[in-house]
Amino acid sequence: MTFPSGASETLASGVCPAPRETMLSLLSRAAAFRGFTTWEMTAELGVGQKGLLDHAEGAVAQVRELMSMGEPRWSELISWTPAPAEGVRMRFRGEEVVSRSVTNPTVRGCPRCLCEDVGRAINHPADAMAMRGDWQLRDVHLCVRHGHPLIALWTRNRRSERLDYAARLGEIVADLRAGRLDVPPVEVTDYDAWLDERLGTGRDESWLGSLPVDVATKACQRLGEALKTWNSVEGEDDARPARARGYAVLREGPSAFQDTLHDLSSAASGPNDGWRKAFGGLYDWLADHGQNDPRYRVLRDLMREVILEEWSVAEGETILGVATPRRRRHSVASAAKAGGVSEAVMRALLVRHGLAGTDDLRPDARLTVDADQASPIVAQASRMIGERQLRMRMGIPSKERFESLVRARLLAPVLPLEVSKHCWDPRDADRMMDALLHHALEIDQSAPEWIHPNAGAKRLRVGIGVVIRALMAGTLRVGVFQGVRAYSALRVREDDLDVLRPNTPDAPTVSEYAAAVGLRREGGLNALIADGHVSTTTIFNPRTRREGRYMTEADIAAFRARFTTVTILSREHGLPA
């Protein structure tokens, strides 16, 4: 077979590049124009098939020379033609994308566009049917011009067969003309318009413009799928495709992305729901496919931050390829494990310290708090002991003496006994004992002038709290048996106790006043009081710990205004009674 016009004739004769057309598409149209398949014509021209398929520099340069094409048009043509790059990447529209984004055994296209092309054919329908470069990107789903979904035109595993557009298009001309490849149009979403604009012009002023195009499109799809999954669980209905939902979030920037991830985290509220369930395929995509690809780093970093803020992640645990330097959040479950207590006890502790609310119904694995704020609570949980252990630690064999300290609020359980029997923090008791023993004098056990604080409180008729607080404040001297650090070994000097003895009321009792005015015999004053002729005042006596009737100055003045006695008159006039 020979090339009809000779090798000197340019391939461009009769064939001009269509918008967004690829190099192989133009070659195929040139071949169809001359009645050849693609590889028949390139073989006649001496252009190696493998070199063209691999986008070899020499083969590409040879085609350009045969095309006699100027720089601007050639650069545009080549930009729509995926070319191998380092690793498993391809250069496409000025960006590097993963190969699988633009290569696939199934070739797709818009049948409406191809039908319009057929109307411009000269010698053969395939000489006008241009394969648009944007159809190659797997995340382009429809033709923006026609609103027609891209459909599978053919599937071939061998590249040479798959990319022989002249031959393959010739096989589907009848179906195209008959409309058998048409499907109902769909709505062109903001995602579709954005991607078409980005591929067509290279402009993208949204945050997605900072990401490679294949990463940006996959992120939109994966995020949208996660949103649709949780909305279906919650009964919400959104007819938009997943990619459009994801795009609506991601175009707003990283803050909107993280806010949405937080929302997804909140939706995953089950006791066993982790971040993999919350984010679904989005997490798997970033963790698996994007693990070693630096182009995904910004998305991984943003998601990792949300995971560390929402879940209990232990120090050293690897999240999206990075070991966690320190724990940020504790769940009730993880804090309980760290503190060696039950989850019910830990939840009660977190509520007591204001880190959790009583109305928070999240499961123990999903209720999380700041790890730094929880750290002292976890430490306290690990210290808590039972009452008997605490009494042994303090040296209080008597349960009654221990309970007197609790009534005086010198000691208090961390939690109610119904929550846990191990509810005492020994550090509280240690602080009290340290304060008592700080200036203690070592004494002999036989010293009679020293008595136990409880005995001193009983003698004063005051609560034990009065004596203990005076000892800690230094108001009273503290004694302790030599070599013994125990509450039972504490002593206070008996003659020091007077400083704590409460003052009695400065008014006389009814009995005292009756004796002073000569009305004690036969209950004279009491009779006047009983008949309502004399008033008294009830006053609490802190020394006796009882209330009694007293004659205040006002009561005495009222009595003197109405009554007098022989005793009063004799005292006033200096006469014997």
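Residues numbered from 1 in each chain as written. Predicted model: local features only at pLDDT ≥ 70, side-chain atom pairs only at ≥ 80, totals over all residues. Heavy atoms only, no water.

A. Broad picture of the overall build of the chain. In terms of regular secondary structure, the chain is built from 27 helices and 17 strands. In terms of C-alpha radius of gyration, the chain reaches 47 Å, well past the compact-globule figure of 25 Å for 577 residues. In terms of overall dimensions, the chain has a C-alpha envelope of 165 × 60 × 35 Å along the principal axes. Considering the chain as a whole, with its 577 residues, one finds that 48% of them fall into the buried category. Long-range contacts, defined as pairs at least 24 residues apart, comprise 62% of the intrachain contacts of the chain with a sequence gap of at least 6. Carbon and sulfur atoms make up 49% of the accessible area of the chain, which amounts to about 28700 Å² in all. (Helix = DSSP H or I, 4+ residues; strand = E, 2+ residues; numbered from the N terminus. Rg over C-alpha atoms; globule rule 2.2 N^0.38 Å. Buried < 20%, exposed > 50% of the residue type's maximum accessible area, 1.4 Å probe, protein only. Contact = heavy atoms within 4.5 Å. Areas by Shrake-Rupley, 256 points an atom, 1.4 Å probe, with all protein chains shown as cover.)

B. Here's a closer look at the pairing of strand 2 (residues 89–92). Relative to strand 2, strand 1 (residues 83–84) runs antiparallel, the two sharing 2 bridges. Residue pairing for strand 2: alanine 83 is matched across the bridge by arginine 91. As paired elements, strand 2 and strand 3 (residues 95–98) share 4 bridges and run antiparallel to each other. Pairing of arginine 91 across the sheet is with glutamate 96, part of strand 3. (Pairing = 2+ DSSP bridges.)

C. Broad picture of the sheet that holds strand 15 (residues 490–493). Across the sheet, 4 strands lie side by side as 12-14-15-13; this open sheet has mixed pairing. The sheet is open, and its two edges are formed by strand 12 (441–443) and strand 13 (450–451), each paired on a single side.

D. Just the pattern of salt bridges, in detail. Considering all chains together, one arrives at 46 salt bridges under this definition. For arginine 29, the salt bridge identified is with glutamate 21, shortest N-O distance 2.8 Å. Here the salt bridges share partners, and the residues they tie into one network are Arg89, Glu96, Asp214, Asp293 and Arg295. (Salt bridge = Lys/Arg side-chain N within 4 Å of Asp/Glu carboxyl O.)

E. How the structure looks around the confidence of the model for the chain. Looking at the chain as a whole, the pLDDT averages 91, with 96% of positions reaching at least 70. Low confidence marks residues 1–8, where pLDDT is under 50. Its contacts with residues over four positions away, or in another chain, come to 14 contacts. (pLDDT = per-residue confidence, 0-100.)

F. Seen up close, the packing of helix 17 (residues 343–352) against helix 18 (residues 371–383). It is the contact of helix 17 with helix 18, at a shortest axis distance of 10 Å, that shows an interaxial angle of 130 degrees. Classified by the angle their axes make, helix 17 and helix 18 are oblique. Judged by the sense of rotation from one axis to the other, the crossing of helix 17 with helix 18 is right-handed. Every residue of helix 18 that contacts helix 17 at Met346, Leu349 and Leu350 is listed here: Ile377, Val378, Gln380 and Ala381. Residues belonging to the contact of helix 17 with helix 18 are distributed by class as follows: 6 nonpolar, 1 polar and no charged. (Axes fitted to C-alpha atoms, helices over the stretch in contact; angles between N-to-C directions. Parallel < 35°, antiparallel > 145°, perpendicular 65-115°, else oblique. Left-handed = near helix turned anticlockwise from the far one by under 90°. Nonpolar A, V, L, I, M, F, W, Y, C, P; charged D, E, K, R; others polar.)

G. Summary view of the packing of aromatic side chains. This model, assessed by the stated rule, comprises 11 aromatic pairs. For the ring pair tyrosine 513 and phenylalanine 559, a centre distance of 5.8 Å and an interplane angle of 90 degrees mean the geometry is edge-to-face. Residue tyrosine 513 is located in helix 24 (residues 510–517), and its partner phenylalanine 559 is located in helix 26 (residues 553–562); the two are separated by 46 residues in the primary sequence. Neither tyrosine 513 nor phenylalanine 559 differs from the other in exposure class; each is buried. Here the aromatic residues Tyr191, Trp194 and Tyr247 are joined through ring pairs into a cluster of three or more. One Lys or Arg, arginine 93, reaches over the ring of tryptophan 80 and ends 4.0 Å from the middle of that ring. (Phe/Tyr/Trp six-rings, centres within 6.5 Å; stacked < 30°, edge-to-face > 60°. Lys NZ or Arg CZ within 6 Å of the ring centre and 35° of its normal.)

H. Inspection of the packing of helix 9 (residues 190–201) against helix 11 (residues 242–250) at higher detail. For the pair helix 9 and helix 11, the least separation of the axes is 8 Å and the interaxial angle reads 75 degrees. Looking at the two axes, helix 9 sits roughly perpendicular to helix 11. Here helix 9 contributes Asp190, Tyr191, Asp192 and Trp194 to the contact with helix 11, which in turn contributes Arg243, Ala244 and Tyr247. Taken together, the residues that form the contact of helix 9 with helix 11 break down as 4 nonpolar, no polar and 3 charged.

I. A look at the environment of glycine 524. Summarising the element assignment, glycine 524 is placed in helix 25 (residues 524–530). Since its relative accessible area comes to 23%, glycine 524 is described here as partly exposed. A C-alpha to C-alpha distance of 138 Å links glycine 524 and aspartate 127, two positions 397 residues apart in sequence.

J. Expanded view of the side chain of serine 79. Inspection of the secondary structure puts serine 79 in helix 5 (residues 71–79). Here serine 79 falls in the buried class, since its relative accessible area comes to 18%. Once you skip the residues sitting within four places of it in the chain, serine 79 turns out to touch Phe92 and Arg93.

K. Inspection of helix 17 at higher detail. The set of residues buried in helix 17 consists of Val345, Met346, Arg347, Leu349 and Leu350. Buried residues along helix 17 sit against helix 16 (332–339), strand 11 (368–370) and helix 18. Where helix 17 terminates, the next one or two residues include glycine 354, which has phi positive at roughly 80 degrees.

L. Geometry of the sheet that holds strand 1. On the basis of which strands lie adjacent, the open sheet formed by 3 strands has the order 1-2-3 and antiparallel pairing. Since the sheet does not close on itself, it has two edges, and those belong to strand 1 and strand 3, each with one partner.

M. Geometry of the environment of glycine 94. Residue position: glycine 94 is located in the loop between strand 2 and strand 3. Judged by relative accessible area, glycine 94 falls into the exposed class, the value being 81%.

N. Representation of the environment of threonine 504 in the model. Topologically, threonine 504 is positioned in the loop between strand 15 and helix 24. Along the backbone, threonine 504 and proline 542 are 38 residues apart, and their C-alpha atoms lie at a distance of 6.6 Å.

O. Seen up close, unusual backbone geometry. The backbone of serine 68 sits at a positive phi, close to 55 degrees, despite the residue not being glycine. As for its placement among the helices and strands, serine 68 is situated in the loop between helix 4 (57–67) and helix 5. Residue serine 68 is classed as exposed on the basis of its relative accessible area, which comes to 51%. At leucine 320, a residue that is not glycine, the phi angle is positive and equals roughly 50 degrees.

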